[in-house]
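In case you want the letters, here they are:
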Amino acid sequence: MLKRELRKKYRNLRTDITPEQASDSSLVLANSILQIPIWDFFYYHIFLSIEDKNEVDTMPLITLLQGKDKNLVVPKVTDENSMVNYLLTDNTSIKKSAWGVPEPIDGIEVPENKIDVVFVPLLAFDTQGNRVGYGKGYYDTFLRKCRKKTIKIGLSFFEAESEPITDVHENDVKLDYCVTPEKVYEF
């Protein structure tokens, strides 16, 4: 299937999820992360959810990671169409961007080569670990700057597409795992 078709399909599917379903599923996803062998690392990049797009709520996962004394890093989109990553602390001020994305105003910058695990937002993914995001390429650009051994974990309310994504680009970065309410996929 083509990415644009999948974007349309999954945006529509997300609109059918009730706030209660989203909350319950987000909690299940956070607990399922415990099955993945990622607990010996230092820096964990996590996106802050866009409520208007009915994304997976990352707050239960943030709480879990903070409870395990992990260093959390959150992104901010820059004017150069790339992302800067800031350490999430008790003093981090968050503000919604023009696109409605919660972002840190500023803080302690963490370079990509220090990040061990990345939780990746997505709309859809296939059984090969290819993902479909919103189409701007921010995460693929960011992930290419990370170390090769950085673990990439998608979070999705929906299961993998059985048909492969047909228009995968050479610059697209595959996931290592994707967690859904039903299953943890490993690629």
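Just above sits the structure.
This is a predicted model, so every value here is computed, not measured.

A. Molecular detail of the overall build of the protein chain. When you go through the protein chain residue by residue, the secondary structure sums to four helices and 11 strands. For the protein chain, the C-alpha radius of gyration of 15 Å lies close to 16 Å, the compact-globule estimate for 187 residues. Principal-axis analysis of the C-alpha atoms gives the protein chain an extent of 40 × 35 × 35 Å. Counting all 187 residues of the protein chain, 51% fall into the buried class. When the accessible surface of the protein chain is summed, it comes to about 10,000 Å², and 48% of that surface belongs to carbon and sulfur atoms.

B. Expanded view of helix H1 (residues 3–15). Helix length check: H1, at 13 residues, gives a terminal C-alpha distance of 18 Å against a target of 18 Å (1.5 Å per residue), a fit within 8%. Buried residues along H1 sit against strand E7 (124–125) and strand E8 (131–132).

C. How the structure looks around unusual backbone geometry. Phi at Asn-54 is positive, roughly 55°, even though this residue is not glycine. You can see Asn-54 is positioned in the loop between strand E1 (43–46) and helix H3 (59–67). Within the chain, Asp-69 stands out as a residue other than glycine whose phi angle is a positive 55°. If you trace the backbone, Asp-69 turns up in the loop between H3 and strand E2 (71–77). Owing to a relative accessible area of 69%, Asp-69 belongs among the exposed residues under this scheme.

D. View of the pattern of salt bridges. A complete count under the given rule lists five salt bridges for this structure. Note that Asp-172 and Lys-3 form a salt bridge whose closest N and O atoms lie 2.4 Å from each other. Taken together, the residues Asp-172 in the loop between strand E9 (151–155) and strand E10 (177–179) and Lys-3 in helix H1 connect sequence positions 169 residues apart.

E. Inspection of the state of the cysteines at higher detail. Across all of its chains, the model carries zero disulfides by this definition. For the unlinked cysteine Cys-146, the closest cysteine sulfur is that of Cys-178, found at 17 Å. A relative accessible area of 0% means that Cys-178 is categorised as buried.

F. Structural context of the environment of Val-84. Secondary-structure assignment places Val-84 in strand E3 (residues 83–87). Beyond its immediate sequence surroundings of up to four residues, Val-84 is in contact with Val-74, Pro-75, Lys-76, Thr-78 and Glu-109.

G. Examining the packing of aromatic side chains more closely. Applying the stated criterion across every chain yields a total of seven aromatic pairs. Taken together, a centroid distance of 6.4 Å and an interplanar angle of 25° make the contact between Trp-39 and Tyr-44 stacked. You'll find Trp-39 and Tyr-44 in the same group, each marked buried. Members of the aromatic cluster, joined through ring pairs, are Phe-125, Tyr-185 and Phe-187. Sitting over the face of the ring of Tyr-134, Lys-53 holds its NZ or CZ atom 4.3 Å from the ring centroid. Its guanidinium or amino end placed over the ring of Trp-39, Lys-68 lies 5.3 Å from that ring's centre, counting from NZ or CZ.

H. The arrangement of the pairing of E3 in detail. Burial runs high along E3: five of the five residues are buried. The antiparallel hairpin formed by E2 and E3 contains five residues in its connecting segment, where Asn-81 sits at a positive phi of about 60°.

The rules behind these values
Position numbers for residues start from 1 in each chain and track the written sequence from start to end. For a predicted model such as this one, the threshold for reporting local features is a pLDDT of at least 70, and the threshold for listing and counting side-chain atom pairs is 80 or more; totals across whole chains, interfaces and linings nevertheless cover every residue. Side-chain numbers come from the whole structure's heavy atoms, not from hydrogens or water. Helix and strand labels come from DSSP, where a helix needs a run of H or I of at least four residues and a strand needs a run of E of at least two; each type is numbered from the N terminus. Radius of gyration: over C-alpha atoms. The globule rule applied is 2.2 Å multiplied by the number of residues raised to the 0.38 power. Note on classification: 1.4 Å probe, protein chains only; a residue is buried when its accessible area is under 20% of the maximum for its type, exposed when over 50%, partly exposed between these limits. For accessible areas, the Shrake-Rupley method is used with a probe of radius 1.4 Å. Any residue's cover is judged against the shown protein chains and nothing else. Each helix should span, by expectation, one fewer than its residue count multiplied by 1.5 Å. Every residue pair with non-hydrogen atoms within 4.5 Å of one another is taken to be in contact. Each reported salt bridge corresponds to a side-chain nitrogen of Lys or Arg within 4 Å of a carboxyl oxygen of Asp or Glu. The rule for a disulfide is simple: a pair of cysteine sulfur atoms within 2.5 Å. Between rings of Phe, Tyr and Trp, where Trp is taken as its six-membered ring, a pair exists when centres lie within 6.5 Å; planes separated by under 30 degrees are stacked, by over 60 edge-to-face, and by other angles tilted. Throughout this description, the term charge over a ring refers to an Arg CZ or Lys NZ atom that lies within 6 Å of the ring centre and within 35 degrees of the ring normal. A pair of strands is considered paired only if DSSP assigns at least 2 bridges between the two.

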